[in-house]
Amino acid sequence: MTIPRDDDPDGKTAAPPTTRRGLLTATAGVLGIGVAATVLGPVAVMLGQPLRHDATEGEGDFIPAGPRSLFAGDKPVKVDLYADRVDAWNRVVQVKVGSAWVLAQGGTLVALSTVCPHLGCGIDYVPEESKFYCACHKSYFAIDGAVETGPSPRGMDALELQDDGQLVSIRYRRFKIGKKTQEPA
Amino acid sequence: MSARDFLEERLGLASAWRGFVDRPWPGGPALRHAVFAALVYLFVQQALLGIALTTYYSPSASDAWASTAYLNDQVGMGWLVRGMHDHGASVFVVVATLHVVALAVSRAYVRPRELMWFAALAILGLALALGLTGNPLPWDEKGYWAIQVELGIAEQTPGGSIIRRLVQGGSAAGNLTLLRLFALHAFVLPMVVAALLVFVARQRRRHGPAPAGAARAGSYGDGQLLLDAIAMTVTAAVVLGLTVHDHGSELFAPADPTSGFQARPEWYFLFLYKLRHYFEGPLEPIATMVIPGAAVTFLLAAPVLEKLAGKLGRIAVLGGLAIMLAGSLALTAMAMADDRKDESYQKSLVEANKLAERARALAKTGVHPQGGGAVYWNDPEYKVKQLYIEHCRNCHALEGFGGGEAPELTDYSSRAWLSALIRNPNDERFFGKTKHDTMEPYGSDKLSDEQLAATVEYVVSLMEPEQTLDAALVAKGAALWKDELDCNTCHEIDPGKDNEGPNLAGHGTLAWVERVIRDSSKADLFGSKAQMPKFQGKLSDEEIAALSAFVVARRSPPAE
Ligand code: FES
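Basis of the calculations
Within each chain, residue numbers correspond to sequence positions counted from 1 in written order. Whichever chain is written first is A, and whichever ligand is written first is 1; the rest continue in order. In keeping with the predicted nature of the model, local features appear solely for residues at pLDDT of at least 70, side-chain atom pairs appear and are counted solely at 80 or more, and the whole-chain, interface and lining totals rest on all residues. Derived side-chain values reflect all non-hydrogen atoms in the structure, with water molecules and hydrogen atoms excluded from consideration. The pairing test for Phe, Tyr and Trp rings, Trp by its six-membered ring, is centres within 6.5 Å, and the orientation test on the planes gives stacked under 30 degrees, edge-to-face over 60, and tilted for anything in between. Partly exposed residues are those whose accessible area sits between 20% and 50% of the maximum for their type, while under 20% is buried and over 50% is exposed, using a 1.4 Å probe and protein chains only. By the criterion adopted, a ring carries a charge over it if an Arg CZ or a Lys NZ lies within 6 Å of its centre and within 35 degrees of its normal. Helical segments are the DSSP runs of H or I of at least four residues, strand segments are the runs of E of at least two, and each set is numbered from the N terminus. The contact rule is simple, with two residues in contact once any of their heavy atoms fall within 4.5 Å. Note: two strands are recorded as paired if DSSP finds a minimum of 2 bridges between them. Helix span, as expected, comes to 1.5 Å for every residue beyond the first. What counts as a domain boundary in this text is fixed by an automatic or database domain assignment. Buried Ala, Val, Leu, Ile, Met, Phe, Trp, Tyr and Cys residues form a nonpolar core when they are joined through side-chain atoms within 4.5 Å. Buried area counts how much accessible surface, traced with a 1.4 Å probe, disappears from two parts once they are put together, with both parts' losses summed. The rule for a salt bridge is simple: a side-chain nitrogen of Lys or Arg has to be within 4 Å of a carboxyl oxygen of Asp or Glu. Under the rule applied, a polar contact is a pair of N or O atoms within 3.5 Å (in protein, one hydrogen donor and one hydrogen acceptor; residues adjacent in sequence only if both atoms are side-chain atoms). Three categories are distinguished: nonpolar for Ala, Val, Leu, Ile, Met, Phe, Trp, Tyr, Cys and Pro, charged for Asp, Glu, Lys and Arg, and polar for the others, with Gly belonging to the last.

(A) Just the packing of aromatic side chains, in detail. All names here are of chain B. As enumerated under the stated definition, the model contains 24 aromatic pairs over all chains in all. Pairing Tyr109 with Trp117 gives two aromatic rings, centres 5.3 Å apart and planes at 50°, and the pair type is tilted. Trp117 matches Tyr109 in its accessibility class, with the two residues each being buried. Here Phe182 and Phe187 contribute two aromatic rings whose centre-to-centre distance is 6.1 Å and whose plane-to-plane angle is 85°, an arrangement assigned as edge-to-face. The side chain of Arg264 reaches across the aromatic face of Tyr345, ending 4.1 Å from its centre.

(B) Up close: unusual backbone geometry. Arg111 of chain B connects to Pro112 of chain B through a cis peptide bond whose omega is 5°. Within the secondary structure, Pro112 of chain B sits in the loop between helix H5 (78-105) and helix H6 (114-134). For Ser130 of chain A, which is not glycine, the phi dihedral falls at a positive 50°. Structurally, the position occupied by Ser130 of chain A is in the loop between strand E6 (124-126) and strand E7 (131-134).

(C) Structural detail: the environment of Lys529 of chain B. All names here are of chain B. As for its position among the elements, Lys529 is in the loop between helix H20 (510-518) and helix H21 (541-553). Looking at Lys529, the relative accessible area reads 31%, which means it is partly exposed. The spatial distance from the C-alpha of Lys529 to the C-alpha of Pro211 is 98 Å, given a sequence separation of 318 residues. Not counting residues up to four positions away in its chain, the partners in contact with Lys529 are Lys435, His436, Asp437, Thr438 and Glu500.

(D) Focus on the sheet that holds strand E1 (residues 56-57) of chain A. Residue and element names in this part refer to chain A. Read from one edge to the other, the open sheet built from seven strands follows the order E1-E3-E4-E5-E10-E11-E2, with strand pairing classed as antiparallel. Looking at the sheet topology across the chains shown, the edges are occupied by E1 and strand E2 (62-67). Summarising the sheet, E1 and strand E3 (residues 77-87) pair through two bridges and their orientation is antiparallel. By the bridge assignment, Thr56 is partnered in E3 with Asp87.

(E) Spotlight on helix H3 (residues 35-54) of chain B. Taking 1.5 Å per residue, 20 residues should reach 28 Å; H3 of chain B reaches 28 Å between its end C-alpha atoms and fits that length. Taken across its 20 residues, H3 of chain B has 14 buried, putting it largely inside the fold.

(F) Representation of the domain arrangement of chain B within the structure. As assigned here, chain B comprises domain 1 (30-258) and domain 2 (382-553). Centre-to-centre, using C-alpha coordinates, domain 1 of chain B lies 62 Å away from domain 2 of chain B.

(G) Focus on the nonpolar core. Formed by 87 residues in total, the largest nonpolar core has its most connected members in Met46 of chain A together with Trp65, Phe92, Trp117, Ile123 and Val375 of chain B. Take this core: its biggest share by element is twelve residues, from H5 of chain B. Core analysis: the next-biggest nonpolar cluster, separate from the first, contains 44 residues, Leu421, Leu480, Trp512 and Val551 of chain B among them.

(H) A look at the environment of Phe431 of chain B. Residues and elements named next belong to chain B. Structurally, Phe431 is set in the loop between helix H17 (415-423) and helix H18 (449-463). Taking the C-alpha atoms as reference points, Phe431 and Gly404, 27 residues apart in sequence, are found 9.4 Å from one another. Setting aside residues up to four positions removed in sequence, Phe431 forms contacts with Pro407, Leu421, Pro425, His436 and Phe526.

(I) Structural view of the interface of chain A and chain B. Opposite the 34 residues of chain A that make contact, chain B presents 48 residues. Taken together, both faces of the contact between chain A and chain B bury some 3,200 Å²; the carbon and sulfur share is 68%. Interface area lost by chain A to chain B is led by Arg21, Met46 and Trp89 of chain A, which between them contribute 26%. Note that Asp222 of chain B and Arg21 of chain A form a salt bridge whose closest N and O atoms lie 3.4 Å from each other. Linking chain A with chain B are 13 residue pairs in polar contact (both at pLDDT 80 or more), by the criterion used here. Secondary-structure elements contributing two or more residues to the side of chain A that touches chain B are helix H1 (17-47), helix H2 (49-52) and strand E4 (90-105) of chain A. Classifying every residue of the side of chain A that touches chain B gives 22 nonpolar, six polar and six charged.

Written out as structure tokens, the structure is:
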């Protein structure tokens, strides 16, 4: 390190000024980069946490949707699904995690997510036309969930359903929106 | 035109840099001029770390602790970021102090640098204010109690109750308190500090960092630049080193307004804390206001002092500053030494750390939105304790609470408990308030202490055969049971048989207690006189099992 001495204030004897100046500046720059890394490194790791771990849990288990008798009719029934959920630092007991349309298809019950595969709005049922309809950008779905018209790239997402004759449970999941095929979110 | 020229024409960064590096640096490079660089670095570091923390921290009374515990214990490197921010605050106070000292030593408080001097003093004050507003944010025991004490001190100043209400956002600490502290800590104070730092930088540019003796040629880039970089690096290394050494920064249990947490201020306030000890009662404001106020006034008057008294004034300024620093250091050291010697404080600290560890472990499964204190709900024992309080404690006392109607369950069915029961079953502690009044007391006139011990040993042997028993005593007790005391006229000991008193086969075991909770009026238990509600059907099987385990666990293990 060359710092001008009292007897050589301009550092002329140490090195030609430009080289010397360049050296000093470069050293300072290296130190600066090192210092920045000690701060920005941990900050980046911290901010990147959601790429490595999910902050919410609570989807994936079968959630009781209601007694079998609730779904005896021939119209789709909308059920809200409640489950315990971990949201970052909170654990919340029995919050609404989502909802589904439940209907009988050929004697067996199926559940269709209410999340529109286009951009995620809520899908409604239009009893007069026996169709599902997403009002956000006007997607129509047939009673079996297949797209009929509108921008939705795929049919409504089917959810796993358990029916033991007494109780109906649904495994609630979310899928990526805007994709032709179903992919877990 | 190259891209470089294109940018240069618009931004002029290169020429700005050249102007920065080539500016004249009259006194030549000096370490004391590098303190400002360390200060600027710390500010930027704190700002970056602070912004990172805001992406996880939630300033509400119900979320603050849980979100801090989450970012500290569950987010990758969160402990490091939070630890560096916390230690950085300490170092900021130190460096802001050094900055004042450096200016004093360089005589950079006299004309024309008076404003620079005032700004340096203000930055030091703001560094303390940043600590004051930042430390309560985790809403842990330490933070919560620190702000309580500090607001208490503020309240004693003239107009203090208004300050307290404004800072606290009302008459009690809560959501508004945290939001106000957060707004001050994250927005208001940093903006003022930033403005002051810019101001000092411009002053340095205008007047030079300090009066130069024999003016020397040379520019900033000739040496001061590197010295500044070194000062920044050392500062960063100290912050990182302290953080790693301490494994981040402490986080106590969630704030509990009913706890007896022994609050201590952050180390850089310890000198004021200690000073207060010398001025009790009505004199307290001397320590909290008069002395600090006088010190600040003295420092603010430095430029005038030297103008009025010349050389003597300079000696006064440097001497006064030295006395203040030495005094603060001495008081800090004394406060620390006091705490080290203070057994009650050390004990409470150990307890507080234990509780913190437990709370933070429980927080890993998520904290109920009710608030930081709800973290204890995650404790399995907490749930069963709530069940006990709800369903049992009104009649069965436990550890000094509730009861009075039915046998106390503290130390349930231990040798001591059984001995006391046999001596006087009609005591209020046992069956005194129930309808079970047929068992006669066995006072020491009827039953010697040794005989009692033998009887109890026999009764214990009926409980769980695998217990460590004194076989000789059991045999002696068995004889007493049958012959002398005629216990067997009321108490059966073969499973299933019923009689006046409860069948004692396996009494006090999990299974037995479970049966009692389900229905104590079974013929082989307490029979038709039983008043205890039947919990069969009222509580779930798991709840009954948990409660039995809880009751059985109240029995202390036999003394060695
Ligand atoms: S979100 Fe349903 S159609 Fe666009």
